[in-house]
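# Working through the structure, step by step
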Amino acid sequence: MKTIAEELQDNSKLLLTEEVDLNWTTKLNYSDDEATGVCENLFDEYEQLDVYTEKEAKHLATMIKSLFLEKSENYWACQARLNALASRLPKKEKVVLSDDGTASYPVPLEKLPDHLYGIDSIHALFDVGRVAREWMMDQLRKECQLTFQDKSAVLDAVERVLASFDQLWKDFTSIQSYDEWQAVMTQLGLDTFYQTKAIYDHFKASQPWNSLTVYQQSLKDELVKSYFMNSDEITTHSTEASSFMDGLYPTDWLKIQR
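A brief structural summary. (Residues numbered from 1 in each chain as written. Predicted model: local features only at pLDDT ≥ 70, side-chain atom pairs only at ≥ 80, totals over all residues. Heavy atoms only, no water.)

### Overview of unusual backbone geometry
- With an omega of 0 degrees, the peptide bond between Q207 and P208 qualifies as cis.
- For P208, the position within the fold is in the loop between α8 (197–205) and α9 (212–226).
- The phi angle at C144 is positive, at roughly 60 degrees, despite the residue not being glycine.
- Note that C144 resides in the loop between α5 (130–142) and β2 (147–148). (Helix = DSSP H or I, 4+ residues; strand = E, 2+ residues; numbered from the N terminus.)

Here it is as structure tokens:
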């Protein structure tokens, strides 16, 4: 459990993510504007998601409740934005059962996380963060593992890609050189065009990183500042399918062709 108290008073740009478990044990001198800024950054991030889930909704609700010291006009504005996002929550589908009472198969890849949640809601897959899960789904696509015929196939596939991610994360957190960083970035799907010394220096400057989700957002901000905003025209860029790279591009600036 991580407790944050004094630090918040001097850091209005603190990045709060779903990977950090916050224990609010002291009264915070956190201004209304700062609280609004943190919540609006989360809204902006979640509004870009292809799928907005109950997990993100719960996280937003927790942040609003925790950060606002009183129910001000900004508090109610954030609540209204939260309610508007609720319309994007996936509709809960009725589980179709076979004659023996088990869940219907095959399960398509895009429904794998939701299906696994129904089997084991505390599975390790749900502890690694959104970007890590997306990377693992990419690995299954590369293996052409697009459907799962039974529960055993689901669990085997998830355990396999979790093991792959564990190794990737071990490599990520032990990077000591530019070459090692490039190798890991290639595994993640970062275009070689952006594997520069400057971006490597950005990686080193903010270590340690507590999740790929946090790193992706920070890297996106750096690329927007260093590359994307300096272009005079929309660029058409060809790249191998990669959820990590897709998450870096400003969607209104760059069109990806595959």
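Having seen it, we continue.
### Concerning helix α4 (residues 112–119)
- Within α4, the full set of buried residues consists of L112, H115 and L116. For α4, the angular spread of buried residues about the axis comes to 100 degrees, placing them on one side. Residues of α4 that are exposed and point more than 90 degrees away from the buried face comprise D114 and G118.
- Tucked into the core, α4 has its buried residues touching β1 (107–108), α5, β2 and α6 (151–172). (Buried < 20%, exposed > 50% of the residue type's maximum accessible area, 1.4 Å probe, protein only. Arc of directions from axis to C-beta. Contact = heavy atoms within 4.5 Å.)

### Comments concerning the packing of helix α2 (residues 54–67) against helix α3 (residues 73–85)
- One can describe the packing of α2 onto α3 by two numbers: an axis separation of 11 Å at closest approach and a directional angle of 175 degrees. It follows that α2 is roughly antiparallel to α3 by the angle criterion. For the pair α2 and α3, the contacting residues are A57, L60, A61 and I64 in the first and Y75, C78, Q79, L82 and L85 in the second. (Axes fitted to C-alpha atoms, helices over the stretch in contact; angles between N-to-C directions. Parallel < 35°, antiparallel > 145°, perpendicular 65-115°, else oblique.)

### A closer look at the pattern of salt bridges
- Per the stated rule, a full pass over the model turns up eight salt bridges.
- For R141, the salt bridge identified is with D138, shortest N-O distance 2.9 Å. Placement of the pair is R141 and D138 together in helix α5, with a separation of three residues, close to one helical turn.
- Here D138 falls in the buried class, since its relative accessible area comes to 11%.
- The partner of K204 in a salt bridge is D201, with the nearest N and O atoms 3.9 Å apart. Of this pair, K204 and D201 both sit in helix α8, three residues apart, which is roughly one turn of the helix.
- Looking at D201, the relative accessible area reads 40%, which means it is partly exposed.
- A single network of salt bridges, built from pairs that share partners, joins D44, E47 and R81. (Salt bridge = Lys/Arg side-chain N within 4 Å of Asp/Glu carboxyl O.)

### A look at the environment of D166
- Relative to the helices and strands, D166 resides in helix α6.
- A sequence separation of 38 residues divides D166 from V128, and the C-alpha atoms of the two residues are 9.5 Å apart.

### Re the state of the cysteines
- All told, the structure shown has zero disulfides when counted by the stated rule.
- Sulfur of C39: no disulfide; nearest cysteine sulfur belongs to C78 and is 4.6 Å away. (Disulfide = S-S within 2.5 Å.)

### Quick word on the packing of helix α1 (residues 32–47) against α2
- Viewed as axis vectors pointing N to C, α1 and α2 meet at an angle of 170 degrees, and their least axial separation amounts to 10 Å. In terms of orientation, α1 and α2 fall into the roughly antiparallel class. Residue-level inspection shows A35, V38, C39, L42, F43 and Y46 of α1 in contact with α2, the latter providing E56, H59, L60, M63, I64 and L67.
- Taken together, the residues of the contact of α1 with α2 break down into 10 nonpolar, one polar and one charged. (Nonpolar A, V, L, I, M, F, W, Y, C, P; charged D, E, K, R; others polar.)

Everything listed here is a matter of geometry and, on its own, says nothing about what the molecule does.
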